[in-house]
Amino acid sequence: MSFTNQENFAPPRWALRGDLLDFTAAPAWGDIESPAVRFDRDHWLLIEHGRIVGRQAEAPDESWVRKDHAGQLVLPGFIDTHVHCPQLDVIGSYGTELLDWLKRYTFPAECAFADPARSRAGAETFLDALLASGTTSAVVFPTVHKVSAEALFDAAAARGMRLITGKVLMDRHAPDGLRDDVTQAERDCVDLIQRFHGRERLAYAVTVRFAPTSTPAQLAMAGGLCRADASLYMQTHVAENRAEVAWVAELFPEARSYLDVYEQAGLLHERAVLAHGIWLDPADKRLLAERGAQIAHCPSSNLFLGSGLFDWPDAAFNVSLASDVGGGTTLSLPRNMLDAYKVQALRGQRLTAWTALHGATRAAAQALQLGDEIGGLSVGQTADLCVWDWARGPVAQARDAVVKELHERVFAWMTLSDERNLAACYVAGRQRV
């Protein structure tokens, strides 16, 4: 039997054929021949009711609906751990560093999301763009407007996606139309948590924009939400830009460091996702590891805004990969893997394809405490997966034709691929692209 391309269609039992690649552990830094890599060339992945139930070399019997992707690369769906829904409108904006960029481009674009129709349209476009880039799960910033979070939750549920988001908290140092207040913000968060957290594949993140745009009272409220429910996530930014770090020191003179602002507020825990983390000192790095928090590394954004070079090899804490659109210039995580390689090359290090891919799949899932559900192609996991052409176009095809071993082939794919290589995207076993 054949598999149709009808959107949302999924037979109860079906099988996908291709070159299966995922990870069983974290690859060591610089390890080309890694025992953590699981690669099964020309195998079948068996899927029942949206979950993986087997992987095998032989074709399943005729009772299974078959989808043949022989000769194509099958990966877990990517997990983007830091990205901004409203910033598609400002991607590729010219000429400033972080703080000026926020004032000139980001904040004006976010003001428009006060309109429910704009929030709904923005969420639809954004999530479809993620899927078209091979990203099936994400940790997302909406705007300060409650309706922007509602729109994201609803649109993700309609697509069956694993999504973590929450209303942005900002009660100072932001323009009119983008500020909330502590009391109303808490009411909004509690309502959203009750309505969406744990529903289908949705989860709520207490979402502090960054320390400068929240008063100590709002940070304390956010910490209280986290303490009241340990299943909540927390997302924010930290130590992205040197001018930002200096500003935080002025605003919070009692704090030892930028990261310590969040620690004092009770916001650092094992479900905390902090974007960037470029300008951290050794004490900060130890604290991240102790709390079990993760840094979402955003290489495209860091290069585009000139923020700095993240020290990945020295990270004893959890690291995942993120696009940070619109500071980042692409939702494609393979493009961001290439930028991550360039960042490390500028630091005199070499990032393997294994560490890069792991950061966008299993590492992200493990850090989000979702490793049993997403990030791999193991029995029992949800069938969030993507099929990729190994090479597209004459240059990539010529390179692919002469590779000699697996890492060389995957690294060339990582270097030369983008969303145009995506052949199919499945979310919980349903074809979405």
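Residues numbered from 1 in each chain as written. Predicted model: local features only at pLDDT ≥ 70, side-chain atom pairs only at ≥ 80, totals over all residues. Heavy atoms only, no water.

A.B. asks: I keep staring at the sheet that holds strand β16 (residues 430-431) and nothing clicks. Help me out?
C.D. replies: The strands making up a sheet associate through backbone hydrogen bonding, with each pair oriented either parallel or antiparallel. Spatially, β3-β2-β1-β4-β14-β15-β16 is the arrangement adopted by the seven strands of the open sheet, whose pairing is mixed. Two strands in the sheet have a free side with no partner beyond their single neighbour: β3 (51-56) and β16. With four bridges connecting them, strand β4 (residues 65-76) and strand β14 (residues 385-388) associate as antiparallel partners. Residue L75 lies in a different strand from β14, and its bridge partner there is C386. Packing against the sheet, helix α14 (residues 406-416) makes contact with β1 (13-23), β2 (37-48), β4 and β14, and its axis sits at approximately 65° to β2. (Pairing = 2+ DSSP bridges. Helix = DSSP H or I, 4+ residues; strand = E, 2+ residues; numbered from the N terminus. Contact = heavy atoms within 4.5 Å. Axes fitted to C-alpha atoms, helices over the stretch in contact; angles between N-to-C directions.)

A.B. asks: I'm lost on the pairing of strand β12 (residues 294-297) in this one. Help?
C.D. replies: Within a regular strand, side chains alternate between the sheet's two faces. Judged by which residues are buried, β12 turns out to be covered on both faces: Q294 and A296 on one side and I295 and H297 on the other are all buried. After leaving strand β11 (residues 272-276), the chain enters helix α8 (residues 282-291) and then returns to the sheet as β12, a path that is right-handed. At this point the chain moves from β12, through helix α9 (residues 299-304), to the parallel strand β13 (residues 318-321), and the crossover so formed is right-handed. (Buried < 20%, exposed > 50% of the residue type's maximum accessible area, 1.4 Å probe, protein only. Right-handed = clockwise from strand over helix to strand, strands pointing away.)

A.B. asks: Where do I start with a nonpolar patch on the surface in this structure?
C.D. replies: Together, L303, L309 and L346 make up an exposed nonpolar region whose accessible area comes to about 260 Å². By the secondary structure assignment, L346 is in helix α10 (residues 333-346). (Patch = residues over 30% accessible without salt bridge, like charges linked within 9 Å, V, L, I, M, F, W, Y side chains within 5 Å. Areas by Shrake-Rupley, 256 points an atom, 1.4 Å probe, with all protein chains shown as cover. Salt bridge = Lys/Arg side-chain N within 4 Å of Asp/Glu carboxyl O.)

A.B. asks: Hey, could you run me through the nonpolar core in this one?
C.D. replies: Soluble globular proteins tend to pack their nonpolar side chains together in the buried interior. Grouped together as the largest cluster of nonpolar side chains are 105 residues, with contacts concentrated most on Y262 and L274. Contact partners of Y262, with chain neighbours within four places excluded, come to V208, F210, A211, T236, H237, V238, L267, L268 and L274. Counting 16 residues, the second-largest nonpolar core is a separate cluster that includes I79, V273, A296 and L370. (Core = buried A, V, L, I, M, F, W, Y, C linked by side-chain atoms within 4.5 Å.)

A.B. asks: Please clarify how the packing of aromatic side chains should be interpreted in this entry.
C.D. replies: Here a ring pair, both rings aromatic, is described through the centre-centre distance and the interplanar angle of the planes. Here the structure, examined in full by the defined rule, presents ten aromatic pairs. Aromatic side chains F210 and W247 sit 6.3 Å apart centroid to centroid with 75° between the ring planes, which places their arrangement in the edge-to-face category. Of this pair, F210 sits in the loop between β9 (202-208) and α5 (216-228) while W247 sits in helix α6 (residues 242-251), and the two are 37 residues apart along the sequence. The exposure class of W247 is partly exposed, given its relative accessible area of 22%. Both rings, one in Y258 and one in Y262, keep their centres 5.8 Å apart while their planes meet at 40°; by these two values the pair is tilted. With Y258 and Y262 both in helix α7 (residues 258-264) and four residues apart, this pair spans about one turn of that helix. Among the aromatic residues, those joined into a ring-pair cluster are F78, W388 and W413. Over the ring of W64 we find R13; its NZ or CZ atom is 4.0 Å from the centre of that ring. Looking at R271, its charged tip hangs above the ring of Y233, at a distance of 5.0 Å from the centre. (Phe/Tyr/Trp six-rings, centres within 6.5 Å; stacked < 30°, edge-to-face > 60°. Lys NZ or Arg CZ within 6 Å of the ring centre and 35° of its normal.)

Keep in mind these values describe shape, not function.
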